[in-house]
Amino acid sequence: MKQNLLDFDAHALAVYLTEMGEKPFRARQLMRWIYRVGEPDFAAMTDIAASLRDKLAQCASITPPNVMREELSDDGTRKWLLNVGTGNAVEAVYIPEETRGTLCVSTQAGCALDCSFCSTGKQGFNRNLSVAEIIGQLWWANHQLGKNAEGLWPISNVVLMGMGEPLLNFDNTVSALRLMLDDHAYGLSRRRVTVSTSGIVPAMDRLREECPVALAVSLHAPNDKLRDELVPINQKYPLRELMAACQRYLEKAPRDFITFEYVMLDGVNDSEQQARELVKLVRDVPCKFNLIPFNPFPQTHYQRSRPDAIQRFRDVLMQADIVTTTRKTRGDDIAAACGQLAGQVQDKTKRTMQRIAGVH
Ligand code: SAH
Ligand code: SF4
């Protein structure tokens, strides 16, 4: 089996090359070819000695994940389905905006945490993605989109808000984050790379020490009683501990606020009274709120909050001086919106088969 170089961060690549008898600085050279140029073929890496190129061609590869399908939304959002061999595909979503291009990246196939409103959670946990599968989503998306007129990659921001809980695949996620930040690879600023977590408290502390990037915390409820129900991991790391972890994170974070995500569920967590309770809860944590209108999927009993309820909820937070945005739903015609990522390869294949069967 060839070694996929996308599985290595800078340190691991230097170790690999040293073991081959090469100087560690070759790692930087190689990384620039792989990530900055986007070159998957060793033969094209002209400033690397021919002998090393030959050696690498024999025992290594640059292999992005296997993409089975691309879908394009009317609003320009693109979704790629990656085959990770678990029956259910994993998805990466590109969201173009005027001043930036954001890639939403997955870190696990499925998710073990089973939040009650999330379609990824409904499929259970399959496995962690490898470093190559995580950073490969960025490699692949940039490669497909191509460099812009200034010769830059179009993806300026990355959010780990796709499928899975990034902090439960900690080591691979951090290696991939390091490649996103590394000047010899993508060189993104820490402020433009966001990890979203449902609140794995000890891992938040580790992230702060090992690789602080912007942090989004999925809150969704103003008290433990409701959060226990919506986000079951709350039973292990309740709100008091979560708020304290947010404060600790801010001591080293590249931004001076935490983003709280809050999915708006009709009649469940969207009353003005609950907004007031929320204001009290986050009193000691500098934060911004991002309200996410619930995106429905098959087999859910929840409904999206009414626009006037979202507006009133937002007003309460704003009156307490908390900057609050409501997330625009993007790509919902291709089921690429938050929480809709389910990679339904099997279902769609089945439907296709039925269609084919129907024709014949
Ligand atoms: N596991 C991490 C990151 C992936 S989920 C986390 O939970 O934070 C990314 C975001 O989408 C989270 O805020 C999640 O709560 C939200 N989300 C999940 N299902 C949703 C749905 N059906 N509608 C809207 N947002 C949803
Ligand atoms: Fe997992 Fe996040 Fe979905 Fe919860 S919301 S089930 S943590 S992916």
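Above this note sits the structure.
Remember, it's a predicted structure, so these values are computed and weren't measured experimentally.

Help me out: how do you make sense of the pairing of strand β4 (residues 78-83) in this one?
Where a strand is regular, its side chains alternate between the two sheet faces. Where strand β3 (residues 66-72) meets β4, 6 bridges bridge the pair, whose relative direction is antiparallel. When the bridges of β4 are listed, E71 appears paired with K79. Between β3 and β4, which pair antiparallel in sequence order, lie 5 residues; one of them, G76, sits at a positive phi of approximately 95°. Counted along the chain from β4 to the antiparallel partner strand β5 (residues 90-96), the turn is 6 residues long, and its residue G85 has a positive phi close to 70°.

Teacher, can you tell me more about helix α11 (residues 307-319) here?
Helical geometry note: an α-helix holds 3.6 residues per turn, so side chains three or four residues apart project in the same direction. Counted at 1.5 Å a residue, the expected span for α11 with its 13 residues is 18 Å, and the 18 Å between its end C-alpha atoms agrees. Considered for burial, the residues of α11 that qualify are A309, I310, F313, V316 and L317. The buried side chains of α11 occupy one side of the element, clustering within an arc of 125° when seen end-on. Turned more than 90 degrees away from the buried face of α11 sit P307 and Q319, all of them exposed. Taken together, the buried residues of α11 touch β12 (258-264), α10 (272-281), β13 (287-293) and β14 (324-326). With its phi angle positive at about 65°, D321 sits one or two positions after the end of α11.

For this particular structure, what's the right way to read the packing of helix α6 (residues 170-181) against helix α7 (residues 201-210)?
Angle between the axes and distance between the axes: these two values describe a pair of packed helices. It is the contact of α6 with α7, at a shortest axis distance of 12 Å, that shows an interaxial angle of 30°. Relative to α7, α6 is oriented roughly parallel. Of the two possible hands of crossing, α6 and α7 adopt the one that is right-handed. In this structure, α6 uses F170, D171, V174, L177 and R178 to contact α7, whose residues at the interface are A203, R206, L207 and E210.

Can you walk me through the packing of helix α5 (residues 131-145) against α6 in this structure?
Following both chains from N to C, one finds α5 and α6 inclined at 35°, their axes separated by 8 Å at the closest point. You can see that α5 and α6 cross each other, and the crossing is right-handed. Touching V131, I134, I135 and L138 of α5 are N172, T173, S175, A176, L179 and M180, all from α6. Looking at the contact of α5 with α6 residue by residue, the class counts come to 7 nonpolar, 3 polar and no charged.

When you look at the nonpolar core in this model, what are you seeing that I'm missing?
Among the nonpolar cores identified, the biggest contains 105 residues, and L207, F260 and F289 are the most heavily contacted of them. Of the residues forming this core, the biggest block, 8 residues, is contributed by α5. Apart from the residues lying within four places of it in its own chain, the contact partners of F260 are V217, L219, M243, C246, V282, V285, C287, K288, F289 and N290.

Parameters at a glance
- Residues numbered from 1 in each chain as written.
- Chains lettered and ligands numbered in written order.
- Predicted model: local features only at pLDDT ≥ 70, side-chain atom pairs only at ≥ 80, totals over all residues.
- Heavy atoms only, no water.
- Pairing = 2+ DSSP bridges.
- Helix = DSSP H or I, 4+ residues; strand = E, 2+ residues; numbered from the N terminus.
- Expected span 1.5 Å × (residues − 1).
- Buried < 20%, exposed > 50% of the residue type's maximum accessible area, 1.4 Å probe, protein only.
- Arc of directions from axis to C-beta.
- Contact = heavy atoms within 4.5 Å.
- Axes fitted to C-alpha atoms, helices over the stretch in contact; angles between N-to-C directions.
- Parallel < 35°, antiparallel > 145°, perpendicular 65-115°, else oblique.
- Left-handed = near helix turned anticlockwise from the far one by under 90°.
- Nonpolar A, V, L, I, M, F, W, Y, C, P; charged D, E, K, R; others polar.
- Core = buried A, V, L, I, M, F, W, Y, C linked by side-chain atoms within 4.5 Å.

The quantities given are spatial measurements derived from coordinates; they are silent on function.
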